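# Summary of the model geometry
These are the residues of each chain, in order.
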Amino acid sequence: MNEAIKLEYTISDDDFTRAGEASGDLKDKLKKMGVDPAVIRKVVIAMYEGEINMVIHANGGKITVTITTDEIIMELADKGPGIPDVELAMQEGFSTAPDNIRSLGFGAGMGLPNMKKYSDEMTVETQQGVGTTVTMKVKL
């Protein structure tokens, strides 16, 4: 692979029936490319958690995935309310998900912690009332 491969996914807001489609599609593409299953697992878990966060908290958004010879870069950008306290949001179990979301089995407060755990590098850029961009990198 000489050139980077770029994939784009649009994440719908408040649509749990479609949440996970983007990470599932990426998983299929990475398998066809012969990427190490351990790497695929990390990428898919990190991206799925991000997708769910976008559905629950951010009115959807856009995910851009760039696959190079060295790494897989996932940029999740939304126009949601922003994260008031990133440090607090990174704590396992902290959640601002409403009860109706929790009743569906989501909102356990593991999204951002799992995104960080399963990526080799993660940055969070957020601005209240503007949105959040999370960039995750997984080395190949």
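Structural data are supplied above this passage.
Rules behind the numbers
- Residues numbered from 1 in each chain as written.
- Predicted model: local features only at pLDDT ≥ 70, side-chain atom pairs only at ≥ 80, totals over all residues.
- Heavy atoms only, no water.
- Core = buried A, V, L, I, M, F, W, Y, C linked by side-chain atoms within 4.5 Å.
- Buried < 20%, exposed > 50% of the residue type's maximum accessible area, 1.4 Å probe, protein only.
- Helix = DSSP H or I, 4+ residues; strand = E, 2+ residues; numbered from the N terminus.
- Contact = heavy atoms within 4.5 Å.
- Pairing = 2+ DSSP bridges.
- Salt bridge = Lys/Arg side-chain N within 4 Å of Asp/Glu carboxyl O.
- Axes fitted to C-alpha atoms, helices over the stretch in contact; angles between N-to-C directions.

## Here's the deal with the nonpolar core
Tyr9, Leu26, Val65 and Met74 are the most contacted members of the largest nonpolar core, which has 36 residues in total. Counting only elements with at least two residues in this core, the list comes to β1 (5–11), α1 (21–32), α2 (37–57), β2 (61–67), β3 (71–77), α5 (111–117) and β5 (131–139). No other element matches α2, which puts ten residues into this core. Among residues more than four places away in sequence, those in contact with methionine 74 are Val43, Ala46, Met47, Thr64, Val65, Val134, Thr135, Met136 and Val138.

## Quick word on the environment of isoleucine 40
With respect to the secondary-structure elements, isoleucine 40 resides in helix α2. Taking the C-alpha atoms as reference points, isoleucine 40 and aspartate 28, twelve residues apart in sequence, are found 9.3 Å from one another.

## Here's the deal with unusual backbone geometry
Phi is positive for asparagine 59, close to 60°, though the residue is something other than glycine. As for its position among the elements, asparagine 59 is in the loop between α2 and β2. Exposure remark for asparagine 59: the relative accessible area of 54% places this residue in the exposed category.

## A few points about the pairing of β2
Side-chain positions along a regular strand alternate between the two faces of the sheet. Counting buried positions over the seven residues of β2 gives five, a clear majority of the element. In this structure, β1 lies alongside β2, joined through seven bridges in antiparallel fashion. Bridging from a neighbouring strand, lysine 6 pairs with threonine 66 of β2. Taken together, β2 and the strand that follows it, β3, pair antiparallel across an intervening segment of three residues.

## A few points about the pattern of salt bridges
If you walk through the whole model with that rule in mind, you get six salt bridges. With a closest N to O distance of 2.8 Å, lysine 42 and aspartate 120 form a salt bridge. With a gap of 78 residues between them, lysine 42 in helix α2 and aspartate 120 in the loop between α5 and β4 (121–127) connect regions that are remote in the sequence. Relative accessible area serves as the criterion here: at 24%, lysine 42 is assigned to the partly exposed category.

## Regarding the sheet that holds β1
Strand order across the open sheet formed by five strands is β1-β2-β3-β5-β4, with antiparallel pairing between neighbours. Looking at strand neighbours, the two that pair on one side only are β1 and β4, the edges of this open sheet. Put simply, the sheet's adjacent strands are angled 10° from each other on average, direction ignored. When β2 meets β3, the two strands line up antiparallel, connected through six bridges. Bridging from a neighbouring strand, isoleucine 67 pairs with isoleucine 72 of β3. Against the sheet, α2 touches β1, β2, β3 and β5, its axis set at about 5° to β3.

This is a description of form; function is not addressed.
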